Amino acid sequence: MSEPVSTTRSSLMHSYEVSDFFDEMFSRGVEPRPHYQQLYNRLIDMTVEAFNERRGNADVSFLYQGITFTVYGQQQAEGIERIFPFDLIPRIIPAAEWSLLEKGLIQRVTALNKFIFDIYHEQRILKDKIIPPDLIFGAKHFRREMMGVNVPKNVYVHITGTDLVRDDQGSYFVLEDNLRSPSGVSYMLENRQAMKRTFATLFQSYGVRAIEHYPQELLSTLRSVAPRENPDPTVVLLTPGIYNSAYFEHAFLARQMGIEIVEGRDLVAHQNRVYTRTTKGLQPVDVIYRRIDDESLDPLSFSSESMLGCAGLFNAWRAGNVTIANAVGTGVADDKAVYSYVPKMIRYYLSEDPILDNVPTYLAMHDKEREYILSNLNKLVVKSVNESGGYGMLIGPQASKAELELFTDLIRANPRNFIAQPIVRLSRHPTYLDGRLHGCHIDLRPYILCGEKVSIVPGGLTRVALRSGSLVVNSSQGGGSKDTWVLNE
Amino acid sequence: MLSRVADTLYWMSRYVERAEDITRILTVNFHSLLDAKVQDSEDAWRPIIAITGDEPLFTNNFEEYNAKTVSEFLLWHPENPSAVTTCIRLARENARCVREQISSEMWEHVNRLYFLVRDLKREVAARGPYEFFDQIRQGSQAFQGITNETMAHGEAYEFIQLGKHLERADKTVRIIDVKYGAVNVLSDGPEVSLQLIAMLRSCSAFEAFRKQASHLNSTRVAEFLLFSQEFPRAVSYCLQRALRSVNLIFGDVPTQRHLRSPQRALGRICSELGYLEINDVLDQNMHPYLDKLLSGLNELGVEISKTYFNTQVIAPSFQTSQQSQQQ
């Protein structure tokens, strides 16, 4: 079974190169890793034509099902709908590896919830000088309005999407925690459907752990945090509307959970209760799974220009009559500078050692670290602390002189706003591009649900950089995704 | 169900139906042109625009009525809000807004129809319009069938049915109005029969009519299209179905005094249709009667929108009405 990768047959694997990056499928000696052996055997026998046929089928079904995201800005009023690129080669994670990740993620989310609770109550972690107070009070997403308010079960972050990466040794690191409203879970679910259709036999023989129960788990989580332990709460999903690029996902999740998807204009708050406007009058709402940001939630409390929210929503929430998931103000903990303190939070709140490491991070707000950043700018990745989606980023080695100078000025002008990290040599995974397989960089975003208990469906969304050599996996930057198989054993 | 969602479903359905109706009217006219006596002229095409009620908009954009300009206008003119391609785009846009309310099959189907229309080259459609028309008609009919078979027949479904039947009733009334007028100025002869057949075909009613009446004359045709309780495009049938939907949406009411305004408005129209005879209509002349019927349907549309879709800020009496609704 130890065929060399550079087989002479005109197969997909033809001239696949394993470089000095960590390759998920192959060990250094170009041997397939044991958990990839079966997939490897299948691929080595497959012609490009046969593979393309399967690929075509998957693409067409995605388009007809409307699994697209919308790109605006061009002249068309309708916007351009693109299929979120889906790669048919699955990423495989052995059982033992997953179980470690799972423990690490639960530990992390538990600490983050305790941290947010603490920040909006006694602020012990600041008083004990574990985290500098100005870091918190200067955070863009710190919400004074949240001070002293209690939330059901003290859970602030109900849904987390943590981005994990592997370096060239194959060790896992947390790249960032997405604690506001992480997206992408619908792709995880749809990718699985597509894989089951196109590689049914292989899938069946592999012993892959199921993920289809995610919507049910999400609903249970949301129901468990209803105000006043209401046993039969009404849950709705609040979307910015169909022009949002993630609308497909909002509709998908609402349908899978069997709950109403609402826009701000469907809601009305009266005497600190929130209602939906229906054909039979107003109906009370208990839990709002919101997919709009804090600023847009309530024009009375936050941005008065927002048309997406519901006036009076925040007061209804403060009165304890409605739960908002994720809670307002969770962004204070996914600020990329605050992120660097998560290992300390874990030690502080849980008295445990972190199971998952952070990527080493330098904060420009600290004088010494800033000097280090500025003198090593061409070797580091610089990130703006509140941006996501691959925006506001500088990749040192690929940057032009002008870009380096621009970021030098930006960092000096507003050090609090920037962090820097060494370039993680992201692991690579065989991925179909232009007629054969290439090693493309990947990451992994598992979705962690936190209500009565913490639960994670095995795996998550594996994102892949579909430009050769690119390290950026975000969908808005030309990334795609893969199905993620966590094995039973 | 959410007011916004009900509104969207209702319009989704109306747009699908409208696309089909306009396509059928066009198809029938193209067919009629094949008969030697009918010329590709203003006389042949102006009535088609009259049916849609868009004459001013048409004359603003085109100089003369002929096969090319009328089909251009009805199929894809960007300024025509009822152009077939616009209807399909709007149907799909509405479906997209309520993606989670309709079945996946419905969404896939309306999406497919949209891509078909969007990607179609106009020259190709112009060369083989029948094939294109057939695809639209079948697409719309399949959509209604898929809706029937894949969606729970609850409130959402009834709003879809309501939209479909009101749109259809509206179009049938307009077809009778225009075509009946055209027949009446003709002296007896084969021309009359051709016109009557075209009128029936515009409502897919020729075969159904033939099964129950052997004599083809304008009175029988008008009677059939107005009063049939069995033919799914007859005005009476459509409005009875619409009434049924409205009643199901509200659920049982204890007495007639508790009826809401759409039920009253629609019930009145249905009763009148139910007790009229064709001679009563002919006595007061067809056109004024149909005109009154159309404005009745328009007012009904307004009542429906006020009652179910109104998303206005709640009036000061909010608090008391709120309590009663919660009980």
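Residues numbered from 1 in each chain as written. Chains lettered and ligands numbered in written order. Predicted model: local features only at pLDDT ≥ 70, side-chain atom pairs only at ≥ 80, totals over all residues.

**Q** Run through the overall build of chain B, naming residues and quoting values.
**A** If you tally the helices and strands in chain B, you get 17 helices and zero strands. A compact globule built from 327 residues would reach a C-alpha radius of gyration of about 20 Å, and chain B, at 21 Å, matches this within 12%. With respect to the three principal axes, the spread of C-alpha positions in chain B is 70 × 50 × 40 Å. Evaluated residue by residue, chain B yields a buried proportion of 43% over its 327 residues. (Helix = DSSP H or I, 4+ residues; strand = E, 2+ residues; numbered from the N terminus. Rg over C-alpha atoms; globule rule 2.2 N^0.38 Å. Buried ≥ 20, exposed ≤ 12 C-beta atoms within 10 Å, placed from the backbone.)

**Q** Which residues make up the pairing of strand 5 (residues 172-178) of chain A, and what values do they have?
**A** Residue and element names in this part refer to chain A. A large share of strand 5 lies buried, amounting to five of its seven residues. Relative to strand 5, strand 4 (residues 159-166) runs antiparallel, the two sharing six bridges. By the bridge assignment for strand 5, Asp163 is matched with Glu176. The hairpin turn running from strand 4 into strand 5, its antiparallel successor, is five residues long, and Gly170 in that turn takes a positive phi close to 85 degrees. Inspection of the sheet shows strand 5 paired to strand 13 (residues 357-358) by two bridges, in the parallel sense. Each bridged residue has a counterpart across the sheet, and for Phe173 the counterpart in strand 13 is Asp357. (Pairing = 2+ DSSP bridges.)

**Q** Any chance you could break down the interface of chain A and chain B for me, citing the residues and the numbers?
**A** Contact residues are listed per partner, giving 21 residues for chain A and 22 residues for chain B. For the side of chain A that touches chain B, the secondary-structure elements that each account for two or more residues are helix 9 (247-257), strand 7 (260-262), strand 8 (267-270), strand 9 (273-278) and strand 10 (281-284) of chain A. (Contact = placed C-beta atoms within 7 Å.)

**Q** Lay out the domain arrangement of chain B with the relevant residues and their values.
**A** Residues and elements named next belong to chain B. Domain parsing of chain B yields domain 1 (1-151) and domain 2 (160-310). Once you take the C-alpha centre of each, domain 1 and domain 2 turn out to be 21 Å apart. When residues of the side of domain 1 that touches domain 2 are assigned to their parent elements, the largest contribution, 15 residues, is made by helix 1 (residues 3-33). A class-by-class count of the residues in the side of domain 1 that touches domain 2 yields nine nonpolar, six polar and eight charged. (Domains from an automatic or database assignment. Nonpolar A, V, L, I, M, F, W, Y, C, P; charged D, E, K, R; others polar.)

**Q** Can you break down the environment of Val262 of chain A residue by residue, with the values?
**A** Looking at the element boundaries, Val262 of chain A is found in strand 7. Between the C-alpha atoms of Val262 of chain A and Ser470 of chain A, which are 208 residues apart in sequence, the distance is 38 Å. Ignoring any residue separated from it by four or fewer positions in sequence, one finds Val262 of chain A in contact with Val236, Leu237, Leu238, Leu267 and Thr276 of chain A together with Leu2 of chain B.

**Q** Explain the sheet that holds strand 11 (residues 287-290) of chain A to me, using residue names and the numbers behind them.
**A** All names here are of chain A. Spatial strand order, 7-6-11-12: four strands in an open sheet with parallel pairing. The sheet terminates laterally at strand 7 and strand 12 (323-325), the two strands that pair on one side only. When strand polarity is set aside, the average angle formed by the axes of neighbouring strands in this sheet is 30 degrees. Across three bridges, the pairing between strand 11 and strand 12 is parallel. Looking at strand 12, one finds that Val287 is bridged to Thr323. On the sheet, helix 9 packs against strand 6 (235-238) and strand 7 and is oriented at approximately 150 degrees with respect to strand 7. (Axes fitted to C-alpha atoms, helices over the stretch in contact; angles between N-to-C directions.)

**Q** Residues and numbers for the environment of Leu410 of chain A, please.
**A** Residue and element names in this part refer to chain A. Position of Leu410 among the secondary structure elements: in helix 15 (residues 401-413). By C-beta crowding, Leu410 is classed as partly exposed, having 17 other C-beta atoms within 10 Å. Considering only alpha carbons, one finds Leu410 and Ser384, 26 residues apart in sequence, at a separation of 9.8 Å.

**Q** Got a sec to walk through the packing of helix 1 of chain B against helix 9 (residues 155-184) of chain B? Specific residues and values, please.
**A** Residue and element names in this part refer to chain B. Contact geometry for helix 1 and helix 9: axes closest at 7 Å, N-to-C directions at 35 degrees. Viewed along their axes, helix 1 and helix 9 form a crossing whose handedness is right-handed. On helix 9, the residues touching Ala6, Leu9, Tyr10, Trp11, Ser13, Arg14, Glu17, Arg18, Asp21 and Ile25 of helix 1 are Ala156, Phe159, Ile160, Leu162, Gly163, Lys164, Glu167, Arg168, Lys171 and Ile175. Across the contact of helix 1 with helix 9, the residue classes tally to 10 nonpolar, two polar and eight charged. (Left-handed = near helix turned anticlockwise from the far one by under 90°.)

**Q** Break down the confidence of the model for chain A for me, with residues and values.
**A** This prediction gives chain A a mean pLDDT of 88; 90% of its residues lie at or above 70. The low-confidence segment residues 72-77 of chain A, where pLDDT is below 50, has two contacts with residues more than four positions distant or belonging to other chains. (pLDDT = per-residue confidence, 0-100.)

**Q** Please give an account of helix 6 (residues 104-119) of chain B that cites residues and values.
**A** Taking 1.5 Å per residue as the helical rise, helix 6 of chain B with its 16 residues ought to reach 22 Å, and the 22 Å between its terminal C-alpha atoms agrees with that figure. Buried within helix 6 of chain B we find Met106, Trp107, His109, Val110, Asn111, Leu113, Tyr114 and Val117 of chain B. (Expected span 1.5 Å × (residues − 1).)

**Q** I'd like a description of the nonpolar core, backed by residues and values.
**A** One finds Leu112 of chain A together with Ala91 and Leu225 of chain B to be the most contacted residues of the largest nonpolar core, which totals 221 residues. Looking at which element gives the most residues to this core, the answer is helix 1 of chain B, with 13 residues. Contact partners of Leu112 of chain A, with chain neighbours within four places excluded, come to Val157, Asp177, Leu179, Ala333, Val342 and Met345 of chain A. (Core = buried A, V, L, I, M, F, W, Y, C linked by C-beta atoms within 7 Å.)

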